[in-house]
Amino acid sequence: SLSNRLKKVASYLPENANFADIGSDHAYLAAYVCQNDPNAKAIAGEVNVGPLNSAKDTINEYGLENQIEVRLGDGLEVIRPGEVNQIVIAGMGGSLITSILNKQKNISLEVDRMILQPNVDAKELREWLDDQNYMLIMEEIIEEQGHIYEILVAEKCNSHQSPYSDLEKEKQLYFGPYLLQDRNDAFMKKWGGERDKLTRVVEQMKQARQMDRDKIDQFINELDWMQE
Ligand code: SAM
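J.: Provide a residue-level description of the confidence of the model for the protein, including the pertinent values.
T.: Confidence in the prediction for the protein averages 95 pLDDT; 100% of positions are at 70 or higher. In the predicted assembly, ipTM is 0.99 and pTM is 0.96.

Listed below in structure tokens is the structure:
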């Protein structure tokens, strides 16, 4: 059955979703959503032929040819303007997700909702969304099989208030404004681990008499936040 991570991602799609899953790999997410909602439609985008063929196999196996279309191509290149209402990009680094969204802004910024699951560097993605005035409306952090995953949900038009405050913005972009408020177990575990890693990095930098004072200061500042 589908991972909790992808089930969580799926839970943020509306009923009758009409979405693109970019980097769909086996298209498990699209298959799950379309099996549970006969009105849902998906485009599974893949840049690599191997995963693309896996996606085709899944769709054939479940008989979902009428609901899911598979397309080969780089990122949002495979989507035409107005074709989908939601975009999912999951299981990649935050900077790759950001670059995919940034390459075709005529597609990414026009959808109603994006559901993004960066494995690392969520901060970069939050910064990009904020720069584009595309509103972050929800976040989740979960642990599954020893890995910690973040899920970011953002919307084009909405009545939500900005989750950022002037004074705390830098910190909120770093930890996630909603996650920082919640501080659930997965959050505490992630940042405890990051603190330990960064402590070692700073020690090594100091020992190596690395003169990049700015970098060290930045890390020490981040460590203060994590300690908090
Ligand atoms: N989304 C699935 C998930 O969360 O389980 C699969 C994640 S898998 C680690 C990343 C997938 O993204 C791979 O199948 C890879 O081929 C695909 N991918 C990487 N860069 C891509 C791009 N620029 N456009 C489309 N697909 C891409």
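J.: Account for the packing of helix α1 (residues 4–11) against helix α2 (residues 28–36), naming residues and giving values.
T.: At a minimum axis distance of 10 Å, the contact between α1 and α2 shows a crossing angle of 55°. Classified by the interaxial angle, the pair formed by α1 and α2 is oblique. Relative to α2, the crossing made by α1 is right-handed. For the pair formed by α1 and α2, the contact residues are Leu6, Val9 and Ala10 on the first element and Tyr28, Leu29, Tyr32 and Val33 on the second. Looking at side-chain class alone, the contact of α1 with α2 contains seven nonpolar, no polar and no charged residues.

J.: Can you tell me about the nonpolar core, naming the residues and giving the values?
T.: Judged by nonpolar contacts, the single largest core of 53 residues is most densely connected at Val33 and Ile68. The element best represented in this core is α2, accounting for six residues.

J.: So what about the pairing of strand β6 (residues 135–144)? Which residues, and what values?
T.: As defined by bridge partners, β6 adjoins strand β7 (residues 147–155) across nine bridges and the pair is classed as antiparallel. In the strand pairing of β7, Met138 is matched with Val153.

J.: Give a description of the sheet that holds β7 that names residues and reports values.
T.: Judged by pairing direction, the sheet is mixed, and its seven strands sit side by side in the order β3-β2-β1-β4-β5-β7-β6 without closing on themselves. Strands at the two margins of the open sheet, each flanked by one partner only, are β3 (68–72) and β6. Pairwise comparison of adjacent strand axes, ignoring direction, gives a mean angle of 15° for this sheet. Contacting β1 (18–22), β4 (86–92) and β5 (113–118), helix α4 (residues 94–103) runs over the sheet at an angle of about 150° to β4.

Calculation notes
- Residues numbered from 1 in each chain as written.
- Predicted model: local features only at pLDDT ≥ 70, side-chain atom pairs only at ≥ 80, totals over all residues.
- pLDDT = per-residue confidence, 0-100.
- Axes fitted to C-alpha atoms, helices over the stretch in contact; angles between N-to-C directions.
- Helix = DSSP H or I, 4+ residues; strand = E, 2+ residues; numbered from the N terminus.
- Parallel < 35°, antiparallel > 145°, perpendicular 65-115°, else oblique.
- Left-handed = near helix turned anticlockwise from the far one by under 90°.
- Contact = placed C-beta atoms within 7 Å.
- Nonpolar A, V, L, I, M, F, W, Y, C, P; charged D, E, K, R; others polar.
- Core = buried A, V, L, I, M, F, W, Y, C linked by C-beta atoms within 7 Å.
- Buried ≥ 20, exposed ≤ 12 C-beta atoms within 10 Å, placed from the backbone.
- Pairing = 2+ DSSP bridges.

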